[in-house]
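The lines below spell out each chain.
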Amino acid sequence: MRDEVDDLVEAWVRERPDLDLAPVAVFSRISRLARHLDLARREAFTAQGIESWEFDVLAALRRAGEPYELSPGRLLRETLVTSGTMTNRVDRLAARGYVERSPDPDDRRGVIVRLTPDGKDAVDAAFGALLDAEQEILAEMDAADRDRLAGLLRTLLAPFAEG
């Protein structure tokens, strides 16, 4: 099976036979796949009436488990945004009724952000739609190939892991 990246690599081999083009064969495909994933993600979330940034915050709270709450600092670490951005996002999600703030019982100056039942419903529906879209993208691969690909990508990402 050939794809457009094969054509791209062939053209570069013809023009620059002195270069090792293995990275182009890998990363051009990853880049193209990332565009398809981003589109699928946006479509899945739009169909559920939320935006990607909303999903990121709501999903962080949902993954925390009951009672689905985190400190703003923990939300920052989970979503990799600035403090000002997070404040704005929490404000907007609170206005939609998806989260609520309450005083932090362990720090009288702090707050806790908690997922509301409406927020839980929204993130669950969006996550289901996202998984359906991602399953469709992976439909041509069997389970063993999916596992192998996940392992290869884990290896590729390992040098960038935080810690």
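Rules and cut-offs
Residues numbered from 1 in each chain as written. Predicted model: local features only at pLDDT ≥ 70, side-chain atom pairs only at ≥ 80, totals over all residues. Heavy atoms only, no water. Core = buried A, V, L, I, M, F, W, Y, C linked by side-chain atoms within 4.5 Å. Buried < 20%, exposed > 50% of the residue type's maximum accessible area, 1.4 Å probe, protein only. Helix = DSSP H or I, 4+ residues; strand = E, 2+ residues; numbered from the N terminus. Contact = heavy atoms within 4.5 Å. Pairing = 2+ DSSP bridges.

Student: Could you give an account of the nonpolar core, naming the residues involved and the relevant values?
Tutor: Phe55, Leu61 and Leu75 are the most contacted members of the largest nonpolar core, which has 25 residues in total. Of the residues forming this core, the biggest block, seven residues, is contributed by helix α3 (residues 52-63). With sequence-adjacent residues up to four places away left out, Phe55 is seen in contact with Arg41, Phe45, Ile50, Val123, Ala126, Phe127 and Leu130.

Student: Please set out the pairing of strand β3 (residues 107-115) residue by residue, giving values where relevant.
Tutor: For strand β1 (residues 69-70) and β3, the ladder comprises two bridges, and the chain directions are antiparallel. By the bridge assignment, Leu70 is partnered in β3 with Val113. Across six bridges, strand β2 (residues 99-104) lies against β3 in antiparallel orientation. Looking at the pairing, Glu100 lines up with Arg114 of β3. Hairpin remark: β2 followed by β3, antiparallel, with two residues in the connecting loop.

Student: How would you summarise the environment of Gly110 if you had to cite specific residues and measurements?
Tutor: Mapped onto the secondary structure, Gly110 falls in strand β3. Judged by its relative accessible area of 18%, Gly110 is buried. For Gly110 and Pro72, which are 38 residues apart along the polypeptide, the C-alpha to C-alpha distance reads 8.6 Å. Apart from the residues within four sequence positions on either side, Gly110 is in contact with Ser102, Pro103 and Asp104.

Nothing here speaks to function; it is geometry throughout.
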